[in-house]
Amino acid sequence: MPIEKHDLIHEFPESKDTIHKLKMSDQHFAKLFDEYHNLQHEVHRIETEVETTSDEYLETQKKKRLSLKDQLSAIIKDYEASITS
């Protein structure tokens with residue numbers, strides 16, 4: 001089974017420009033983005049068996065990634081709503 005990409009551009013392709021703008025202008029978003037990006041790469045390395053770890057650790061990291069994605073998604077949606085209203 002192929003490993004799915006979870007980087008933000010693949011998760012929110014319609015928001016590519018917004019993500020770029022927020023990375024450049026919002027320090028909080030940029031920090032969360034970097035944390036998400038690093039965590040995504042760690043999870044990918046574990047899932048592709050480049051690194052080994054316990055199943056519990058992998059699940060914990062996936063939950064952290066999901067939490068960051070939810071936070072980033074909310075910021076993206078709020079920003080997009082603010083520029084269309």
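For the structure itself, look to the data block above.
What this report covers is the structure whose coordinates are included nearby. This structure is a prediction, so every number in the text was calculated from the model and none was measured. (Residues numbered from 1 in each chain as written. Predicted model: local features only at pLDDT ≥ 70, side-chain atom pairs only at ≥ 80, totals over all residues. Heavy atoms only, no water.)

Take helix H4 (residues 55–84) next. Under the 1.5 Å per step criterion, the end-to-end length of H4 is 43 Å for 30 residues, consistent within 8% with the ideal 44 Å. Along H4, the residues that are buried comprise Leu 58, Gln 61, Arg 65, Leu 68, Leu 72, Ser 73, Ile 75 and Ile 76. Close packing links the buried residues of H4 with helix H1 (8–11), helix H2 (16–25) and helix H3 (27–47). (Helix = DSSP H or I, 4+ residues; strand = E, 2+ residues; numbered from the N terminus. Expected span 1.5 Å × (residues − 1). Buried < 20%, exposed > 50% of the residue type's maximum accessible area, 1.4 Å probe, protein only. Contact = heavy atoms within 4.5 Å.)

With 13 residues, the main nonpolar core has Leu 8, Ile 19, Phe 29, Phe 33, Leu 72 and Ile 76 as its most contacted residues. Elements represented by at least two residues in this core include exactly H2, H3 and H4. The element contributing the most residues to this core is H3, with five residues. With near-sequence residues (within four places) excluded, Ile 19 lies in contact with Leu 8, Ile 9, Phe 12, Phe 29, Phe 33 and Ile 76. (Core = buried A, V, L, I, M, F, W, Y, C linked by side-chain atoms within 4.5 Å.)

Turning our eyes to something else, we now look at the pattern of salt bridges. According to the stated counting rule, one finds five salt bridges in the structure shown. As a salt-bridge pair, Arg 45 and Glu 51 come within 2.5 Å of each other at their nearest N and O atoms. Glu 59 is paired through a salt bridge with Lys 62; the nearest N and O atoms lie 3.9 Å apart. Of this pair, Glu 59 and Lys 62 both sit in helix H4, three residues apart, which is roughly one turn of that helix. (Salt bridge = Lys/Arg side-chain N within 4 Å of Asp/Glu carboxyl O.)

This brings us to the packing of H2 against H3. Packed helices, taken two at a time, are described by their axes: the angle between them and the distance between them. Where H2 meets H3, the axes come as close as 6 Å, and the angle between the chain directions of the two elements is 110 degrees. On the basis of the axis angle, H2 is roughly perpendicular to H3. You can see that H2 and H3 cross each other, and the crossing is left-handed. The segment H2 lies against H3, with Ile 19, Leu 22, Lys 23 and Ser 25 engaging Gln 27, Phe 29, Ala 30 and Phe 33. Classifying every residue of the contact of H2 with H3 by side-chain character gives five nonpolar, two polar and one charged. (Axes fitted to C-alpha atoms, helices over the stretch in contact; angles between N-to-C directions. Parallel < 35°, antiparallel > 145°, perpendicular 65-115°, else oblique. Left-handed = near helix turned anticlockwise from the far one by under 90°. Nonpolar A, V, L, I, M, F, W, Y, C, P; charged D, E, K, R; others polar.)

Where the residue is not glycine, phi is negative for most of them; where a peptide bond is considered, it is trans in most cases. A positive phi angle, close to 65 degrees, is found at Glu 49, a residue other than glycine. Looking at the secondary structure, you find Glu 49 in the loop between H3 and H4.

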